[in-house]
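Listed below, chain by chain, are the residues.
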Amino acid sequence: MPPGADSGDDGGRDERDADGADSAPKKPRSFWKELPLLIGIALVLALLIKTFLVQAFSIPSDSMQNTLQQGDRVLVDKLTPWFGSEPERGEVVVFNDPDKWLAGEPTPNPNAIQTALSWIGLMPSSEEKDLIKRVVGVGGDTIECKDTGPLRVNGKALNEPYVYPGNTPCTMDDGGGQFKLKVPDGKIWVMGDHRQNSLDSRYHQQDKNKGFVPVGNVVGRAIVVAWPPTRWSTLPVPDTFDQNLSAAAPGTLGLAGAVPLVLWRRRRLTVGNTRVSGSRTAG
């Protein structure tokens, strides 16, 4: 052993652990190497959100004024339908074209950036044929428009402050503005808030669905006006739909009317017939 050498010398091993592995901290990856991974994760998350949670849609026309203006961007809740939720009266919904409602409408020609943004859900897809209207009737409802209104659901008049100023709730024309009909199960009846400027269910009663929109065509409920910032607002169900609008079954109404009559008649028989009112049987 050389002079001055320490018998417990760990020389040559001060940078390694017991297994001979380098114990020095590893140098982190550069930001530029991790950037593609981060972008990939962000794109996957955005695609999942678009598919299952929320998607942005653009308002293409004036049919929902003044609730929605042309060019507004709305966020649509796509999650609740996955749990069996169906459209309800008063909701503003986005739905796929039921039967060529958009025939003849020009198709946008987006650039590469707009195509990429629509793919991840930050912009609406130009290939999707979607419409946006308000649900005024669901399966089982009887909807009626007579003269200029009001619109009636199951015989009850709606107070519709969201209807475009100067418009009447119902339109007096031969194209479909006057009607009384019952909404089939699994369908909805939709109308635009700009009643005199909306080609909605009223004007498609000759299509294969007779103007009704299949519930399966509904993409989701519009919940927020997200753009432009000056237009930011939520889209709640109006108070007029809080009244009890449910259609009572004819059998239920008949039973409700018959019960008081039967009780009254039975009471008269009981009071006026001692053989029935007495505790003993008839002799």
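Residues numbered from 1 in each chain as written. Predicted model: local features only at pLDDT ≥ 70, side-chain atom pairs only at ≥ 80, totals over all residues. Heavy atoms only, no water.

Chemist: Explanation requested: the overall build of the chain in the structure shown.
Modeler: Summing up its helical and strand segments, the chain has four helices and twelve strands in all. Split into buried and exposed, the 283 residues of the chain put 33% on the buried side. Within the chain, contacts between residues at least 6 apart in sequence are counted, and of these 71% link residues at least 24 apart. If you sum the accessible surface of the chain, you get close to 18200 Å²; carbon and sulfur atoms cover 56% of it. (Helix = DSSP H or I, 4+ residues; strand = E, 2+ residues; numbered from the N terminus. Buried < 20%, exposed > 50% of the residue type's maximum accessible area, 1.4 Å probe, protein only. Contact = heavy atoms within 4.5 Å. Areas by Shrake-Rupley, 256 points an atom, 1.4 Å probe, with all protein chains shown as cover.)

Chemist: Could you clarify how one ought to interpret the packing of aromatic side chains in this entry?
Modeler: By convention here, two paired aromatic rings are described through the distance between centres and the angle between planes. Scanning the entire structure with this criterion turns up four aromatic pairs. Residues Phe 95 and Trp 101 carry aromatic rings whose centres are separated by 5.8 Å and whose planes lie at 85° to one another, so their mutual orientation is edge-to-face. The exposure class assigned to Phe 95 is buried, which follows from its relative accessible area of 0%. By relative accessible area, which is 8% here, Trp 101 ends up buried. Here Tyr 162 and Phe 241 contribute two aromatic rings whose centre-to-centre distance is 6.4 Å and whose plane-to-plane angle is 15°, an arrangement assigned as stacked. Here the residue Tyr 162 occupies a position in the loop between strand 7 (156-157) and strand 8 (179-182), and Phe 241 occupies one in the loop between strand 12 (233-234) and helix 3 (250-272), the gap between them amounting to 79 residues. (Phe/Tyr/Trp six-rings, centres within 6.5 Å; stacked < 30°, edge-to-face > 60°.)

Chemist: Please clarify how the sheet that holds strand 7 should be interpreted in this entry.
Modeler: Strands in a sheet are paired, the pairing made by backbone hydrogen bonds, and the direction either parallel or antiparallel. Spatial ordering of the open sheet is given by 7-6-5-8, a layout of four strands whose pairing is antiparallel. This sheet does not close on itself; its edge strands, each paired only once, are strand 7 and strand 8. (Pairing = 2+ DSSP bridges.)

Chemist: Can you walk me through the state of the cysteines in this structure?
Modeler: When the sulfur atoms of two cysteines share a covalent bond, that bond is a disulfide. With the rule as written, the count across this model stands at one disulfide. Each sulfur of the disulfide joining Cys 145 and Cys 170 lies 2.0 Å from the other. One quick way to see it: the torsion about the S-S bond of Cys 145 and Cys 170 is about -80°, and its sign makes the bridge left-handed. Separated by 25 residues along the polypeptide, Cys 145 in strand 5 (residues 142-145) and Cys 170 in the loop between strand 7 and strand 8 bring together distant segments of the chain. Neither residue differs from the other here; Cys 145 and Cys 170 are each classed as buried. (Disulfide = S-S within 2.5 Å.)

Chemist: What's the story with the environment of Asn 154 in this structure? I'm lost.
Modeler: Looking at the element boundaries, Asn 154 is found in the loop between strand 6 (152-153) and strand 7. Residues within four places of Asn 154 in sequence aside, it is in contact with Arg 89, Gly 140, Asp 141, Thr 142, Leu 245, Ser 246 and Ala 247. Within the structure, Asn 154 has its side chain in polar contact with the side chain of Asp 141 (distance 3.0 Å). (Polar contact = N/O pair within 3.5 Å; in protein donor to acceptor, adjacent residues only side chain to side chain.)

Chemist: So what exactly am I meant to see when it comes to the environment of Lys 182 here?
Modeler: The residue Lys 182 is located in strand 8 in this model. Since its relative accessible area comes to 57%, Lys 182 is described here as exposed. Residues Lys 182 and Glu 144 lie 38 residues apart in sequence; the distance between their C-alpha atoms is 8.9 Å. If we ignore the near neighbours within four places in the chain, the residues touching Lys 182 are Gly 140, Asp 141, Thr 142 and Phe 212.

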